[in-house]
Amino acid sequence: MIETKDLHKKFGKLHVLKGIDLTIDKGEVVVVIGPSGSGKSTFLRCLNLLEHPSHGEIIFEGVNITSRQNDINQQRQKMGMVFQQFNLFPHLTVMKNLTLAPMKLKKLSRENAEAGAMRLLERVGLTDKAQVFPAQLSGGQKQRIAIVRALAMEPDVMLFDEPTSALDPEMVGEVLDVMKKLASDGMTMVVVTHEMGFAREVGTRILFMDEGQVLEDTTPDLLFTDPKTDRAKEFLAKIL
Amino acid sequence: MNFSFLPEYLPYFLTGTVSTVAIAFFTVILGVFIGIFIALMRLAKNPLLRFLSSAYVEVIRGTPVLVQIFIIYYGLPIHFPNTVIFGMDLSRFIPGVIALSINSGAYVAEIIRAGIQAIDKGQMEAARSLGLTNAMAMRWIILPQAIRNILPALGNEFVVVIKESSVVMIIGISELMFNTNIVRGATYIPLEPLYVAAAIYFLLTFTLSKVLGVAERRMRSSD
Ligand SMILES: Nc1ncnc2c1ncn2[C@@H]1O[C@H](COP(=O)(O)OP(=O)(O)OP(=O)(O)O)[C@@H](O)[C@H]1O
Ligand SMILES: [Mg+2]
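The structure reproduced in this document is the subject of the present report. (Residues numbered from 1 in each chain as written. Chains lettered and ligands numbered in written order. Predicted model: local features only at pLDDT ≥ 70, side-chain atom pairs only at ≥ 80, totals over all residues. Heavy atoms only, no water.)

**Let's talk about the interface of chain A and chain B**
A common way to report how large an interface is uses the accessible area buried once the components associate.
Link 1 in the chain: Taken together, the contact between chain A and chain B spans 22 residues of the former and 18 residues of the latter.
Link 2 in the chain: Together chain A and chain B conceal approximately 1800 Å² of surface at their shared face, both sides included; 64% is due to carbon and sulfur atoms.
Link 3 in the chain: Taken together, chain A and chain B are joined by one salt bridge.
Link 4 in the chain: As a salt-bridge pair, B:Glu125 and A:Arg45 come within 2.7 Å of each other at their nearest N and O atoms.
Link 5 in the chain: Considering each element in turn, the side of chain A that touches chain B owes the most residues, four residues, to helix α3 (residues 94-105) of chain A.
Link 6 in the chain: Its residues placed into classes, the side of chain A that touches chain B shows 13 nonpolar, five polar and four charged. (Contact = heavy atoms within 4.5 Å. Buried area = accessible area lost by both parts, 1.4 Å probe. Salt bridge = Lys/Arg side-chain N within 4 Å of Asp/Glu carboxyl O. Helix = DSSP H or I, 4+ residues; strand = E, 2+ residues; numbered from the N terminus. Nonpolar A, V, L, I, M, F, W, Y, C, P; charged D, E, K, R; others polar.)

Structure follows, in structure tokens:
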């Protein structure tokens, strides 16, 4: 579903991604871990071209999205993204946050878009917040809304960049629960996270990144019990 | 203190005030259009447009408004009709407003740019990640939020323009400052007419600030 070929990213002189070759298949839940600054976010943001790779190709659903002729807005509709800082639209109600993109891009009628939004809000138990502005929500609620805002476009893959890192500890669970449900519904997911419990429970595959490279590409169980590289051993020793 | 001139010369101050308000009003309107245009250029992808707009802003901000007014007044190739409205000669009034708007437009462009840049970049990223185009994201996500920063600053620019407009007396526009000088000359009273002018300017700007403050609070509370 997503294939990266020799992906490089430089910020000026800083070489952040140093050749990433991966194929992510439909239905996989890929967890990405690694030390701070190793390029996890940059990798994720390259997948929907929020960062433009300096070199290499990304093929999504058979389309080379890094080619100049490609209109990335088409594929972004199929790739939901969830940010650490939620990034809800503060001037819009929860309902409008959810319906804006479907109405503008899929040309859904207001009734259809709102009906879809209500179904999504039901899935995350927040139907009572439909007419509320984001400022009135807790962190956990904001992130659950951010997830369904992305789901409202009916994406084929969801990208998560440390979705629980900005949350108070007591709110992490409610967001992870939503993500677990999503995974069990068969959503293809790429998740940058420090939540090792989540990685072990729902990850079908784990990538360990260090200094812009994928050093390990395996299953969570194998990585946690038998890391192959010293860098991964060190990293896991620190966080487990 | 000698204010004995007031009863006889009050009409000068009043027509001057009307002119000053008219100049400021048209300057702000035109300046906002220029400012939006320059700000859009500044946010454009095309490097030439970006260069031209930032050069515009830098040159305007780096030269005295007095020089700009003279250049426009003597440099504009068109001659405007000598029709007189409210004591203002259009052949002077129009170049004066154009010069002030060109000046104010540079500041308005900066206000707009700052208002847009103050929006967290995560907003644009979230909008683009949904598949919205850059234009859609601007229209529906960025500008509605930026406008809340921009409007109060624009109101403040209106206040600045009222005060700065006094410099157009130099090309013979009979606004408040010009008329004040007439009164000083005609009465041989050098100081007191200036007090009257100062009081009127203050009344204008103070009232406007208060009105804008109320409008701003209304806007914030309607969130
Ligand atoms: N827009 C940018 N401009 C310049 N440098 C950047 C930019 N974005 C990221 N970097 C740098 O690239 C490197 C990798 O950053 P990245 O955010 O991908 O790391 P990360 O693995 O996600 O780290 P963390 O766990 O702290 O989120 C860092 O050194 C960072 O400072
Ligand atoms: Mg990161």
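**Brief notes about the pattern of salt bridges**
Link 1 in the chain: Per the counting criterion, the structure on display carries 19 salt bridges over all chains.
Link 2 in the chain: One network of salt bridges, with partners in common, ties together B:Arg42, B:Arg61, B:Glu110 and B:Arg113.

**A look at a nonpolar patch on the surface**
All names here are of chain B.
Link 1 in the chain: A cluster of nonpolar side chains, Leu-66, Val-67, Phe-70, Ile-71, Tyr-74 and Ile-170, forms an exposed patch at the surface whose accessible area comes to about 570 Å².
Link 2 in the chain: Topologically, Tyr-74 is positioned in helix α3 (residues 65-75).
Link 3 in the chain: Accessibility expressed as a relative area gives 62% for Tyr-74, which makes it exposed. (Patch = residues over 30% accessible without salt bridge, like charges linked within 9 Å, V, L, I, M, F, W, Y side chains within 5 Å. Areas by Shrake-Rupley, 256 points an atom, 1.4 Å probe, with all protein chains shown as cover. Buried < 20%, exposed > 50% of the residue type's maximum accessible area, 1.4 Å probe, protein only.)

**Notes on the pairing of strand β8 (residues 188-192) of chain A**
Residues and elements named next belong to chain A.
Link 1 in the chain: Burial of β8 is extensive: five of the five residues sit out of reach of the surface.
Link 2 in the chain: Of the two faces of β8, the one lined by Thr-188, Val-190 and Val-192 and the one lined by Met-189 and Val-191 are each fully buried.
Link 3 in the chain: Bridge count for strand β3 (residues 29-33) against β8 is four bridges, and the pairing is parallel. Residue pairing across strands places Val-31 opposite Val-191, the latter belonging to β8.
Link 4 in the chain: Across five bridges, strand β7 (residues 157-161) lies against β8 in parallel orientation. Considered in β8, the bridge of Asp-161 is made with Val-192.
Link 5 in the chain: Traced from β7 through helix α6 (residues 169-184) to β8, the parallel crossover comes out right-handed. (Pairing = 2+ DSSP bridges. Right-handed = clockwise from strand over helix to strand, strands pointing away.)

**Description of the packing of aromatic side chains**
Given two aromatic rings, their pairing is described by the distance between the two centres and the angle made by the two planes.
All names here are of chain B.
Link 1 in the chain: All chains considered together, the criterion is met by nine aromatic pairs over all chains.
Link 2 in the chain: A centroid spacing of 6.3 Å and a plane angle of 45° characterise the contact between Phe-5 and Phe-13, whose relative ring orientation is tilted.
Link 3 in the chain: On the accessibility criterion, Phe-5 (4% relative accessible area) is buried.
Link 4 in the chain: When the ring of Phe-202 is compared with that of Phe-206, the centres are 5.2 Å apart and the planes differ by 20°; the resulting orientation is stacked. (Phe/Tyr/Trp six-rings, centres within 6.5 Å; stacked < 30°, edge-to-face > 60°.)

**Concerning the site of ligand 1**
All names here are of chain A.
Link 1 in the chain: Within the structure, ligand 1 sits among Phe-11, Leu-14, Val-16, Pro-35, Ser-36, Gly-37, Ser-38, Gly-39, Lys-40, Ser-41, Thr-42 and Glu-162.
Link 2 in the chain: Ser-36 places a side-chain nitrogen or oxygen 2.6 Å from an oxygen atom of ligand 1.
Link 3 in the chain: Glu-162 places a side-chain nitrogen or oxygen 3.3 Å from an oxygen atom of ligand 1.
Link 4 in the chain: For ligand 1, whose unbound accessible area comes to 640 Å², protein coverage reaches 59%.
Link 5 in the chain: Elements represented by at least two residues in the shell around ligand 1 include exactly β2 (14-24) and α1 (40-47).
Link 6 in the chain: Residues of the shell around ligand 1, tallied by class, amount to four nonpolar, six polar and two charged. (Near = heavy atom within 4 Å. Polar contact = N/O pair within 3.5 Å; in protein donor to acceptor, adjacent residues only side chain to side chain.)

**Quick word on the sheet that holds β3(A)**
All names here are of chain A.
Link 1 in the chain: In space, the six strands of this open sheet follow the order β6-β7-β8-β3-β9-β10, with mixed pairing throughout. Two strands in the sheet have a free side with no partner beyond their single neighbour: β6 (79-82) and β10 (213-218). Pairs of neighbouring strands in the sheet enclose a mean axial angle of 15°, with direction left out of account.
Link 2 in the chain: Most of the contacts of α1 go to β7, to which it runs at about 150°, and overall it touches β3, β6, β7, β8 and β9 (205-210).
Link 3 in the chain: Strands β3, β9 and β10 of the sheet are contacted by helix α9 (residues 230-239), whose axis makes an angle of about 100° with β9. (Axes fitted to C-alpha atoms, helices over the stretch in contact; angles between N-to-C directions.)

**Notes on helix α8 (residues 192-221) of chain B**
One turn of the α-helix equals 3.6 residues, which is why residues spaced by three or four share an orientation.
Residues and elements named next belong to chain B.
Link 1 in the chain: With 30 residues, α8 extends 43 Å from end C-alpha to end C-alpha; this agrees with the ideal 44 Å at 1.5 Å per step.
Link 2 in the chain: By the burial criterion, the buried members of α8 are Glu-192, Pro-193, Val-196, Ala-197, Ile-200, Tyr-201, Thr-205, Leu-208 and Gly-213.
Link 3 in the chain: Where α8 is buried, its residues contact α1 (6-42), α6 (134-164) and α7 (176-187). (Expected span 1.5 Å × (residues − 1).)

**Considerations on the nonpolar core**
One recurring pattern in soluble globular proteins: nonpolar side chains tend to sit buried together.
Link 1 in the chain: If you look at the biggest cluster of nonpolar residues, it comprises 51 residues, and the most contacted ones within it are A:Phe43 and A:Phe89.
Link 2 in the chain: Among the elements that make up this core, the one with the highest residue count is α6(B) (seven residues).
Link 3 in the chain: Discounting residues that sit within four places of it in the chain, A:Phe89 has contacts with A:Asn97, A:Leu100, A:Pro134, A:Arg149, B:Gln123, B:Ala126, B:Ala127, B:Leu130 and B:Ile141.
Link 4 in the chain: In terms of nonpolar packing, the next biggest core, distinct from the first, is built from 38 residues, A:Ala150, A:Phe160, A:Leu167 and A:Met179 among them. (Core = buried A, V, L, I, M, F, W, Y, C linked by side-chain atoms within 4.5 Å.)

**Considerations on the packing of α1(B) against α6(B)**
Residue and element names in this part refer to chain B.
Link 1 in the chain: Axis separation between α1 and α6 bottoms out at 9 Å; the angle between their running directions is 135°. The orientation of α1 with respect to α6, classified from their angle, is oblique. The chirality of how α1 crosses α6 is right-handed. For the pair α1 and α6, contact is made by Thr-20, Ala-24, Phe-25, Thr-27, Val-28 and Val-32 and by Leu-154, Phe-158, Val-161 and Ile-162, respectively.
Link 2 in the chain: A class-by-class count of the residues in the contact of α1 with α6 yields eight nonpolar, two polar and no charged. (Parallel < 35°, antiparallel > 145°, perpendicular 65-115°, else oblique. Left-handed = near helix turned anticlockwise from the far one by under 90°.)

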